[in-house]
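Residues per chain, in single letters:
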Amino acid sequence: MAVAEQHSKNYVRGEWTDGTSGETFESRVPATGETLASFPRSSADDVDRAVAAAKDAYEEWRLVPAPDRGNVLFRFARLLEEQKDELTELMSREMGKVLAEAGGDVQEAIDMSIYMAGEGRRLFGHTTPSELRDKFQMSVRMPVGVVGAITPWNFPIAIPAWKLAPALVAGNTVVLKPAEDTPLLAERFIELLGESGLPDGVVNLVHGFGEEAGDRLVRHPDVPIITFTGSRETGIAVTKAAADGLKHVHLELGGKNGIIVMDDADLDLAVEGVVWSAFGTTGQRCTAASRVIVHEAVYGELQKRLVERAEKMKIGPGWDPETDLG
């Protein structure tokens, strides 16, 4: 799929708008260096505009019946299904995943959207016995407000869906700051949400860098919830920046994951598991195996098989069906 170079914008109040700073950055194909598009390097002012839009839209969106909010996500899932091949191809070019993994990324977003759409009819509260005579006690689920979502490049369709779909079905509004490595995929994600019938301002998109747009989003007084996926170091910085506002903070950070292989293991299956976990997405995901803990009785044989398998893996462009490592 050839992608023509274009100049893209932020998405605020249902309109595509330029950044206030006038500065831009480019998204490039990692395999070739080809420029896909340029994007606004957003400032704190751009974040403020997006948050104001989300705050205004919240007043109406929170009153939309939850099943109707879920219906928007059902429509979104269908659009993702229709555009799956296009999104898969674009993902392999913008961030380098092989086609099989990119397709799985899109499928995760489809599945999450369908699952959370169903939650629109399952936002149950609770009734509890009261210790006082003639008293009735109940709890209901209420939205909180504007959610600031900061997403990484390695799952550029799946992770925004993990964050946005639950927030939206519960009646919250969102400002999304995607990774500067995958802004074009974020743009397509937001376009499809708009086509699903989401009202203007409910989801807003601000491109840019963490130290500028991301930091302002985390510190903004009108954003009570922050959800961030990225490195441990940045997660610590996000937590500190959000602490003064007593914000609800959700972090998904890096992992140090081990695969344990015992002496009675199926070594062919173990090799498959290690290769997929350690080398899938070229190892650049929080669930990647970074170590293998092996019983001494099978250590030598597993090492031999694993090295042989790894040496046969082909490195190349993600969209080449023969590529193992993008």
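Residues numbered from 1 in each chain as written. Predicted model: local features only at pLDDT ≥ 70, side-chain atom pairs only at ≥ 80, totals over all residues. Heavy atoms only, no water.

Draft legend 1. Expanded view of a nonpolar patch on the surface. Taken together, the side chains of Phe-136, Met-138, Val-140 and Met-142 make up a nonpolar region of the molecular surface, amounting to roughly 500 Å² of accessible area. By the element assignment, Phe-136 lies in the loop between strand E6 (126-128) and strand E7 (137-139). Looking at Phe-136, the relative accessible area reads 64%, which means it is exposed. (Patch = residues over 30% accessible without salt bridge, like charges linked within 9 Å, V, L, I, M, F, W, Y side chains within 5 Å. Areas by Shrake-Rupley, 256 points an atom, 1.4 Å probe, with all protein chains shown as cover. Salt bridge = Lys/Arg side-chain N within 4 Å of Asp/Glu carboxyl O. Helix = DSSP H or I, 4+ residues; strand = E, 2+ residues; numbered from the N terminus. Buried < 20%, exposed > 50% of the residue type's maximum accessible area, 1.4 Å probe, protein only.)

Draft legend 2. Up close: the nonpolar core. Core analysis: the biggest nonpolar cluster contains 48 residues, and Leu-164, Leu-168, Leu-193 and Val-203 have the highest contact counts within it. It is helix H6 (residues 183-195) that contributes the most residues to this core, seven residues altogether. Among all residues touching Leu-193, those that are not within four sequence positions of it are Phe-76, Leu-164, Leu-168, Leu-198 and Val-203. Residues Val-12, Ala-53, Val-223 and Ala-242 belong to the second largest nonpolar core, which totals 19 residues. (Core = buried A, V, L, I, M, F, W, Y, C linked by side-chain atoms within 4.5 Å. Contact = heavy atoms within 4.5 Å.)

Draft legend 3. Representation of the layout of surface pockets within the structure. Each pocket or cavity is described by its volume, and for the largest pocket that value is around 550 Å³. Sorting the residues of the lining of the largest pocket by element identifies helix H2 (66-82), helix H5 (158-169), strand E11 (225-229) and strand E12 (248-252) as the ones contributing at least two each. With six residues, the single largest contributor to the lining of the largest pocket is H5. Of the residues contributing to the lining of the largest pocket, the split by class is 15 nonpolar, four polar and six charged. (1 Å grid on protein atoms, 1.4 Å probe; cavity = no way out; pocket = protein on both sides within 12 Å on 5 of 7 lines; lining within 4 Å. Points joined across faces, edges and corners; volume = space filled by probe spheres on them. Nonpolar A, V, L, I, M, F, W, Y, C, P; charged D, E, K, R; others polar.)

Draft legend 4. The arrangement of unusual backbone geometry in detail. Despite not being glycine, Asp-134 shows a phi value in the positive range, around 60°. Its place among the elements puts Asp-134 in the loop between E6 and E7. With a relative accessible area of 76%, Asp-134 lands in the exposed category. Positive phi is not limited to glycine here, since Thr-282 has a value of about 45°. One can find Thr-282 in the loop between helix H9 (267-279) and strand E14 (289-294).

Draft legend 5. Up close: the packing of H9 against helix H10 (residues 299-311). The contact between H9 and H10 brings their axes to 10 Å, and the two run at 50°. Taken together, the axis directions place H9 and H10 in an arrangement best described as oblique. Crossing angle aside, the handedness with which H9 passes H10 is right-handed. Within the contact between the two elements, H9 uses Leu-267, Asp-268, Ala-270, Val-271, Glu-272, Val-274, Val-275 and Phe-279 and H10 uses Glu-301, Leu-302, Arg-305, Leu-306, Arg-309 and Ala-310. (Axes fitted to C-alpha atoms, helices over the stretch in contact; angles between N-to-C directions. Parallel < 35°, antiparallel > 145°, perpendicular 65-115°, else oblique. Left-handed = near helix turned anticlockwise from the far one by under 90°.)

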